There are 2 protein chains.
Amino acid sequence: MTPANSRVTVVGSGNWGSVAAKLIASNTLKLDSFHDEVRMWVFEEILPSGEKLSQVINRTNENVKYLPGIKLGTNVVADPDLENAVRDASMLVFVTPHQFVEGICKRLVGKIRKDTEAISLIKGMEVKREGPCMISSLISEQLGISCCVLMGANIANEIAVEKFSEATVGYRKDKETADKWVQLFNTSYFMVSAVQDVEGVELCGTLKNVVAIAAGFVDGLEMGNNTKAAIMRIGLREMKTFSKLLFPSVKDSTFFESCGVADLITTCLGGRNRRCAEAFARNGGKRSFDELEAEMLQGQKLQGVSTAKEVYEVLRHRGWLELFPLFSTVHEICVGRLPPTAIVEYSEHTPKFSLVGGSAQFF
Amino acid sequence: MTPANSRVTVVGSGNWGSVAAKLIASNTLKLDSFHDEVRMWVFEEILPSGEKLSQVINRTNENVKYLPGIKLGTNVVADPDLENAVRDASMLVFVTPHQFVEGICKRLVGKIRKDTEAISLIKGMEVKREGPCMISSLISEQLGISCCVLMGANIANEIAVEKFSEATVGYRKDKETADKWVQLFNTSYFMVSAVQDVEGVELCGTLKNVVAIAAGFVDGLEMGNNTKAAIMRIGLREMKTFSKLLFPSVKDSTFFESCGVADLITTCLGGRNRRCAEAFARNGGKRSFDELEAEMLQGQKLQGVSTAKEVYEVLRHRGWLELFPLFSTVHEICVGRLPPTAIVEYSEHTPKFSLVGGSAQFF
């Protein structure tokens, strides 16, 4: 092991963060170009037993709170001290709730190596009226380092038990760094590929939640697989069109990757956005999302509902509402301006729809 | 109504044919450019009541055998005489079982107008070693007329009850004719768009069945939505790559249409290919597909299993096996050379797989 070896720190230790640490730790042991030890920054918590979470992780090699029953690898070291956790690291993996990223970055300014590379596994950025607030850009700007993203059809608990899955790394320019991230994450059951399209990959991870709300409505209305497939397809097309309008560099092919079509399928088959939207439609829209969230999600908020609202603001602001009948209808249903059945009534509500029939014709 | 109006005949009256007649008949009544009456050729059968199927359809306005409970529209006229059914028709809709097309075309030679336009709704052509035997080409060559195709996520019974769905018309050159077919099929609940890619659209309708077998294996192994989404995505990519290798004119964008991603989703969620493959995997491959088909399908054969075999022959013949790990693995599992679990073990079995990670990189 030479000092030139890359040291990896995982910033975050929730469900997905712990699985990421496990994946990475299995590879650093095998690959000479990485330091064996993987540090994982833990937002310290006191467990009901009175012990500190970080200490229990280091003693048992399990994240007993967020990923119980899974050995992380003995080369994973939990560290509650952020500054210490990133010391000497040249590769930072960001996997915290999105609302904490900015604060964490502020604490890291001046504390990291200048040649550090970052990757964000965080889904669910905000879409502000001026455009989406990409988490990869936030990290990049705050810390003055480059930042890739990793997205895909990644249900953490399924990957934790080594069920086959895929993921997509999005990078801006540096293919060599992207390949290094692929090496670090790729295993026989977690197949990673890289595409040069940070924005496309990252937007997929957020916009899919709006489509999942639409898919949930279809489930609640009991319209069958045919209709659901149609809605998912229209949703995928709107994800692509929206991303390309905002970032002309976004590539069509990105939507064929795991971050695109596969993550969309997973999210529209399972997932809490779909589930709550199903309940909303079953109740004919008579119980609000706030009410259903409170009942079904123990205080968590639905990302799809808020993203739909944010996207709607962008569409209205830019005069694009008629180009995005699914996105706009989802929001109108969420706020009660349209009934859930409107999710399949495009031809009436959106006269321009047929003009954008083939996405290829439109762009 | 002038003689210049297009007369439409539906050649076939099964489940999907009857729904097609219903869709078309609702439009010919509304649109001036079509003759109101839609003739539907019926392969005559004697019903248990002793009556002829065509007579009962004309008396009740229902296809009591293949689409009971659905009114076809009083302007649909069933006709058991093929030659009479197509007389004066300028638009022929082919929607018979695929093994009957050739015989029907032979009977139609010299019996149709020279300016007749055809469209095929028939899924499941054979893929011979020399290449796929496209049904649209067969019709075109036999009758000396041009032939479009219509494919999509189209479960006939769901469209019959007017649940929202979409479809894709594939055309070769003549956009005007394609638009006419779109007009003829499009309704508020059945949204049709056209793409200039006959081969891409038609191949989707066949190759998706191979992917559905793979998805069924994943279901049988209880691997979860994540793995299933990954397998569907890899399958979609192989559909695209295979189609483009055989027909360089095939467009990527076709796979974002209803005939591509949407039909794939429907077929991998429901459908008999998926269902039998699930049973196959649950039994650990110990009961053959022949046995399961006999038990579960009342004598019908699974298209996916035979298509997988046909595709495998093409791949082997051309030296492409390693480029299509999913397609080839499906066949190897079907014939018992690999266990069902091999469906998720690409990295071991197909060393070249990672090289084709991003389809965009490969083509």
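None of the values given here were measured: they were computed from a predicted structure.

**Digging into the overall build of chain A**
Then, number 1: Secondary structure summary: chain A contains 16 helices and 10 strands in total.
Then, number 2: Radius of gyration (C-alpha) of chain A: 21 Å, near the 21 Å computed for a compact globule of 363 residues.
Then, number 3: With 363 residues in all, chain A has 61% of them scored as buried.
Then, number 4: Long-range contacts, defined as pairs at least 24 residues apart, comprise 71% of the intrachain contacts of chain A with a sequence gap of at least 6.
Then, number 5: Carbon and sulfur atoms make up 50% of the accessible area of chain A, which amounts to about 13,800 Å² in all.
Then, number 6: Taking the average place of the 41 positive charges on the side chains of chain A and the average place of its 43 negative ones, the gap between the two points comes to 1 Å.

**Looking at the interface of chain A and chain B**
Then, number 1: Listed as interface residues are 49 residues of chain A and, on the opposing side, 49 residues of chain B.
Then, number 2: It is A:Phe164, A:Asn226 and A:Phe256 in chain A that bury the most area against chain B; as a group they hold 21% of the surface buried on that side.
Then, number 3: At the surface where chain A touches chain B, the tally comes to 4 salt bridges.
Then, number 4: Between B:Glu166 and A:Arg233 there is a salt bridge, with the nearest N and O atoms lying 2.6 Å from each other.
Then, number 5: Applying the counting rule to chain A against chain B returns 16 residue pairs in polar contact (both at pLDDT 80 or more).
Then, number 6: Elements with a minimum of two residues in the side of chain A that touches chain B: α6 (156-160), β9 (165-170), β10 (190-195), α9 (224-246), α10 (258-269), α15 (346-349) and α16 (359-362) of chain A.

**What to know about the sheet that holds strand β1 (residues 6-11) of chain B**
Residue and element names in this part refer to chain B.
Then, number 1: As summarised here, the arrangement of the 8 strands in space is β3-β2-β1-β4-β5-β8-β9-β10, forming an open sheet in which the pairing is mixed. Both outer strands of the open sheet, β3 (76-79) and β10 (190-195), are each paired with one neighbouring strand and no more. Between one strand axis and the next, the sheet turns by 25° as a mean value, whatever way the strands run.
Then, number 2: Two elements, β1 and strand β2 (residues 34-41), share 5 bridges in a ladder whose sense is parallel. Considered in β2, the bridge of Thr9 is made with Arg39.
Then, number 3: Seen against the sheet, helix α4 (residues 101-108) touches β1, β2 and β4 (91-94) and runs at an angle of roughly 155° to β4.
Then, number 4: On the sheet, helix α8 (residues 198-220) packs against β8 (147-151), β9 (165-170) and β10 and is oriented at approximately 40° with respect to β8.

**Here we look at the domain arrangement of chain A**
Residue and element names in this part refer to chain A.
Then, number 1: Partitioning chain A into domains gives domain 1 (6-196) and domain 2 (200-342).
Then, number 2: For domain 1 and domain 2, the distance between their C-alpha centroids amounts to 27 Å.
Then, number 3: Contacts between domain 1 and domain 2 engage 26 residues on the former and 25 residues on the latter.
Then, number 4: Both sides together, the interface formed by domain 1 and domain 2 hides about 2,100 Å², and carbon and sulfur atoms give 60% of it.
Then, number 5: Sorting the residues of domain 1 by area buried against domain 2 places Met125, Val127 and Arg129 first, and these three jointly supply 29% of that buried surface.
Then, number 6: Where domain 1 touches domain 2, the interface holds 2 salt bridges.
Then, number 7: Between the two partners, domain 1 and domain 2, sit 13 residue pairs in polar contact (both at pLDDT 80 or more).
Then, number 8: Elements supplying a minimum of two residues to the side of domain 1 that touches domain 2: β6 (127-128), β7 (131-132), α5 (135-143), β8 (147-151), β9 and β10.
Then, number 9: The element contributing the most residues to the side of domain 1 that touches domain 2 is β9, with 4 residues.
Then, number 10: Among the residues forming the side of domain 1 that touches domain 2, the class breakdown is 11 nonpolar, 9 polar and 6 charged.

**Remarks on the environment of A:Arg316**
All names here are of chain A.
Then, number 1: For Arg316, the position within the fold is in helix α13 (residues 303-318).
Then, number 2: Here Arg316 falls in the partly exposed class, since its relative accessible area comes to 49%.
Then, number 3: Distance in space between the C-alpha atoms of Arg316 and Ala212 is 21 Å, their sequence separation being 104 residues.

**A closer look at the pairing of β4(B)**
Residue and element names in this part refer to chain B.
Then, number 1: Covered by surrounding structure in β4 are Met91 and Val93 together with Leu92 and Phe94, the residues of both alternating faces.
Then, number 2: Note that β1 and β4 share 4 bridges and pair parallel. Each bridged residue has a counterpart across the sheet, and for Thr9 the counterpart in β4 is Leu92.
Then, number 3: Relative to strand β5 (residues 117-120), β4 runs parallel, the two being bridged by 4 bridges. Looking at the pairing, Phe94 lines up with Ser120 of β5.

**A few points about the pairing of β5(B)**
Looking down a regular strand, the side chains alternate between one sheet face and the other.
Residue and element names in this part refer to chain B.
Then, number 1: Alternating positions in β5 separate into two faces, Glu117 and Ile119 on one and Ala118 and Ser120 on the other, with burial throughout.
Then, number 2: In this view, the connection linking β4 to its parallel neighbour β5 by way of α4 has right-handed handedness.
Then, number 3: Sheet topology places β5 next to β8; 3 bridges connect them, and they run parallel. Along β8, the bridge assignment pairs Ser120 with Val149.

**Overview of the relation of the copies chain A and chain B**
Then, number 1: In screw terms, the move from chain A to chain B is a rotation of 180° and a rise of 0.0 Å along the axis, fitting with an RMSD of 0.0 Å. Taken together, the rotation angle and the small translation identify this as a two-fold axis.

**A short note on the nonpolar core**
Then, number 1: Formed by 178 residues in total, the largest nonpolar core has its most connected members in A:Phe94, A:Phe327, B:Phe94 and B:Phe327.
Then, number 2: Not counting the four nearest positions on each side in its chain, A:Phe94 is found in contact with A:Val11, A:Ile104, A:Cys105, A:Leu108, A:Ala118, A:Ile119, A:Ser120, A:Leu121, A:Ile122, A:Ile139 and A:Leu143.

**Focus: unusual backbone geometry**
Then, number 1: At A:Glu162, a residue that is not glycine, the phi angle is positive and equals roughly 65°.
Then, number 2: Here A:Glu162 lies in the loop between α6 and β9.
Then, number 3: For B:Asp88, which is not glycine, the phi dihedral falls at a positive 70°.
Then, number 4: For B:Asp88, the position within the fold is in the loop between α3 (82-86) and β4.

**Let's talk about the packing of α9(A) against α10(A)**
All names here are of chain A.
Then, number 1: In the contact formed by α9 and α10, the axes pass within 11 Å of each other and the chain directions differ by 135°. Compared by their axis directions, α9 and α10 come out oblique. With respect to the hand of their crossing, α9 and α10 are arranged in right-handed fashion. Across from Lys228, Met232, Leu236 and Met239 in α9, the residues of α10 making contact are Gly260, Val261, Leu264, Ile265, Cys268 and Leu269.
Then, number 2: Its residues placed into classes, the contact of α9 with α10 shows 8 nonpolar, 1 polar and 1 charged.

How each quantity is defined
- Residues numbered from 1 in each chain as written.
- Chains lettered and ligands numbered in written order.
- Predicted model: local features only at pLDDT ≥ 70, side-chain atom pairs only at ≥ 80, totals over all residues.
- Heavy atoms only, no water.
- Helix = DSSP H or I, 4+ residues; strand = E, 2+ residues; numbered from the N terminus.
- Rg over C-alpha atoms; globule rule 2.2 N^0.38 Å.
- Buried < 20%, exposed > 50% of the residue type's maximum accessible area, 1.4 Å probe, protein only.
- Contact = heavy atoms within 4.5 Å.
- Areas by Shrake-Rupley, 256 points an atom, 1.4 Å probe, with all protein chains shown as cover.
- Lys, Arg positive; Asp, Glu negative; His and termini not counted.
- Charge placed at Lys NZ, Arg CZ, Asp CG, Glu CD.
- Buried area = accessible area lost by both parts, 1.4 Å probe.
- Salt bridge = Lys/Arg side-chain N within 4 Å of Asp/Glu carboxyl O.
- Polar contact = N/O pair within 3.5 Å; in protein donor to acceptor, adjacent residues only side chain to side chain.
- Pairing = 2+ DSSP bridges.
- Axes fitted to C-alpha atoms, helices over the stretch in contact; angles between N-to-C directions.
- Domains from an automatic or database assignment.
- Nonpolar A, V, L, I, M, F, W, Y, C, P; charged D, E, K, R; others polar.
- Right-handed = clockwise from strand over helix to strand, strands pointing away.
- Least-squares fit on C-alpha atoms with pLDDT ≥ 70 in both.
- Core = buried A, V, L, I, M, F, W, Y, C linked by side-chain atoms within 4.5 Å.
- Parallel < 35°, antiparallel > 145°, perpendicular 65-115°, else oblique.
- Left-handed = near helix turned anticlockwise from the far one by under 90°.

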